[in-house]
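Summary of structural features
Residues per chain are reported as follows:
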Amino acid sequence: NVLSSKHITMSKITRKFEKQFAKKIGCKYALMTNSGSSANLLAFFCLTNPKRKKRLKSRDECIVPALCWSTSLWPIVQSGLKPVLIDVDKKSFSINYEILKKKINKKTKAIMLINVLGNCSDIDKIRSLATKKNIYLIEDNCESLGSIYKKKYLGTYGDFGTFSFYFSHQITSGEGGMIVCKTKSDYNIIKSLRAHGWDRELV
């Protein structure tokens, strides 16, 4: 259907999918990407973008679990931030909350959570702690689409959530991913970054 429509790049079908995705998981904005890895990259490039009123600066620290995929860690480095690796909980393979509390300091500006195989950390406690200390929360939910914690979909607890539609994941578009966010300003920055800086079709 897509090939015969002659719209072989992002068009009406993609926009419809973005809206349906956002509505399904209960988030404000969703934007499709070419991969979950690129979604992670866009989250951090948005956080460090000069267009943001409150942006992260070079060498600000981001806590990330030691058990992670390379494209969960590397966007932190690519955006000029300093990754701080901490151990995971053996039961969930996600960030250990007790270790996390001890590692947070004045330089900590972001936390990258990775929800592994449908599992998560004490994410409500982590979100509460992050809010209290003005720390950004990013959820790499590429392996856990559809998982629910306390009646809320994983990937919607943080300031940003990322998803993957790689062929081995829960649903697939062959390749592809999605990034979700809570504010119109972040959505517009991400959309512009996805388009290599173009500012067309912003909301």
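The following refers to the structure shown. Bear in mind the structure is a predicted one, so any value in this text is a computation, not a measurement.

Now for the nonpolar core. Residues F44, M112, I138, F160, I179 and I190 are the most contacted members of the largest nonpolar core, which totals 25 residues. Elements with a minimum of two residues in this core: β1 (29-33), α3 (36-47), β2 (61-65), β4 (108-114), β5 (136-140), β9 (177-181) and α7 (184-194). Here this core takes 6 residues from α3, the largest share from any one element. Once residues within four sequence positions are removed from consideration, F160 is found in contact with A43, C46, L47, R52, L137, I138, E139, I179, V180, C181, D186 and I190. Judged by nonpolar contacts, the second largest core, of 19 residues, contains I86, C120, I135 and L137.

With that settled, consider the sheet that holds β5. Ordered by their spatial adjacency, 7 strands build an open sheet running β1-β9-β8-β5-β4-β2-β3, and the pairing between neighbours is mixed. At either end of the open sheet lies a strand with only one pairing partner, and these are β1 and β3 (82-86). Averaged over all adjacent pairs, the angle separating strand axes in this sheet is 20°, with direction ignored. Examined bridge by bridge, β5 and strand β8 (residues 160-164) share 3 bridges and lie parallel to one another.

What counts and how
Residues numbered from 1 in each chain as written. Predicted model: local features only at pLDDT ≥ 70, side-chain atom pairs only at ≥ 80, totals over all residues. Heavy atoms only, no water. Core = buried A, V, L, I, M, F, W, Y, C linked by side-chain atoms within 4.5 Å. Buried < 20%, exposed > 50% of the residue type's maximum accessible area, 1.4 Å probe, protein only. Helix = DSSP H or I, 4+ residues; strand = E, 2+ residues; numbered from the N terminus. Contact = heavy atoms within 4.5 Å. Pairing = 2+ DSSP bridges. Axes fitted to C-alpha atoms, helices over the stretch in contact; angles between N-to-C directions.

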